[in-house]
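# An overview of the molecular structure
What follows is the residue order along each chain.
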Amino acid sequence: MEELIELYLFKNKRCPLPSLGSLHLENVSAVAMYSDRKITAPVPVIIFSGTVMPADDFIAFIAARKNIKQQEASALLTSYCENLHHMNESGETKFPFAGRFYINEDGMLVFKSTELPKTYFNEVVAERVIHPRTSHTMVVGDKETTSTAMEAFYSEAGMHAKDKWWIWALAFGILTAVLFGIYFNDKNKTASFGNVQTIQTAPDLNTYQIAE
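To start, this report covers the structure provided alongside it.

Reading guide: rules and limits
- Residues numbered from 1 in each chain as written.
- Predicted model: local features only at pLDDT ≥ 70, side-chain atom pairs only at ≥ 80, totals over all residues.
- Heavy atoms only, no water.
- Patch = residues over 30% accessible without salt bridge, like charges linked within 9 Å, V, L, I, M, F, W, Y side chains within 5 Å.
- Areas by Shrake-Rupley, 256 points an atom, 1.4 Å probe, with all protein chains shown as cover.
- Salt bridge = Lys/Arg side-chain N within 4 Å of Asp/Glu carboxyl O.
- Helix = DSSP H or I, 4+ residues; strand = E, 2+ residues; numbered from the N terminus.
- Phe/Tyr/Trp six-rings, centres within 6.5 Å; stacked < 30°, edge-to-face > 60°.
- Buried < 20%, exposed > 50% of the residue type's maximum accessible area, 1.4 Å probe, protein only.
- Lys NZ or Arg CZ within 6 Å of the ring centre and 35° of its normal.
- Pairing = 2+ DSSP bridges.
- Axes fitted to C-alpha atoms, helices over the stretch in contact; angles between N-to-C directions.
- Expected span 1.5 Å × (residues − 1).
- Contact = heavy atoms within 4.5 Å.

### A closer look at a nonpolar patch on the surface
- A cluster of nonpolar residues, Leu170, Ile174, Val178 and Ile182, forms a patch on the protein surface that exposes about 380 Å² of accessible area.
- Examined against the element boundaries, Ile174 turns out to sit in helix H5 (residues 165-185).

What follows is the structure, encoded as structure tokens:
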């Protein structure tokens, strides 16, 4: 039965198991790692789901493969699923290529998918190319935006800065005029821009006497 389940699963990407759930064949998406300049290949993995699906098509598949009636095929599938459900904790059911069923510590039926060799799914070297004229997504802080939006933002900010240059020039001119006004009105300043201090003339002292 394991071989038939694998064949049906690989062909239809899903396989119903009455009263248990279903197996699904899914691809894990490729992952781009820009820092390492590589992209990992998508890898197929088999997932066991508790979702119960109609099994009529699978029963017909079993009947055709074993050359038996569909009633017998249905009985075989039902018996197989019951055995899986009542499997003891030390037991397991292995598939040739897909993986294995076993009972975990919580007493739940679990399917462990076989990890395929990485040699069959080589990583691809990838260099990230940014076209200056093409809009691309980028992260600024904690928000996602586009290169076009950021270019427009900085362009607008630069135009505002250029429009306001005369305000700073006017403020600097006014400040300079005020400082010069204060300087020239200071009584301790002269036109020569030097400090002036009043020198007190000492009184004349007679250091000698005139003979009569």
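That shown, we press on.
### Observations regarding the packing of aromatic side chains
- Under the definition given, this model contains seven aromatic pairs.
- On the numbers, 4.7 Å between centres and 45 degrees between planes, the contact of Tyr8 with Phe58 is tilted. With a gap of 50 residues between them, Tyr8 in helix H1 (residues 2-12) and Phe58 in helix H2 (residues 56-66) connect regions that are remote in the sequence.
- Tyr8 sits in the buried class, given a relative accessible area of 4%.
- Here a set of aromatic residues connected by ring pairs shows up, and it is made of Phe48, Phe95, Phe101 and Phe111.
- Residue placement shows Arg100 over the ring face of Tyr102; its charged tip is 4.6 Å from the ring centre.

### Some words on the sheet that holds strand E6 (residues 92-94)
- What the three strands build is an open sheet, ordered E6-E7-E8; its pairing is antiparallel. A single partner strand is all that each edge strand has here, and the edge strands are E6 and strand E8 (109-113). Sheet twist, expressed as the mean angle between neighbouring strand axes with direction ignored, is 15 degrees.
- Pairing between E6 and strand E7 (residues 99-103): three bridges, direction antiparallel. Along E7, the bridge assignment pairs Lys94 with Arg100.

### Notes on the pattern of salt bridges
- Throughout the structure, instances matching the rule amount to two salt bridges.
- A salt bridge links Lys94 to Glu92, with the nearest nitrogen and oxygen atoms 3.6 Å apart.
- For Lys94, a relative accessible area of 56% gives the class exposed.
- Among the ionic pairs, Glu92 bridges to Arg100, the shortest N-O distance being 2.9 Å.
- Where salt bridges share partners, they join Glu92, Lys94 and Arg100 into one cluster.

### Some details on helix H3 (residues 70-85)
- Helix length check: H3 (16 residues) gives 22 Å between terminal C-alpha atoms against 22 Å at 1.5 Å per residue, within 8%.
- Lining the buried residues of H3 we find H1, strand E1 (14-17), H2, E6, E7 and E8.

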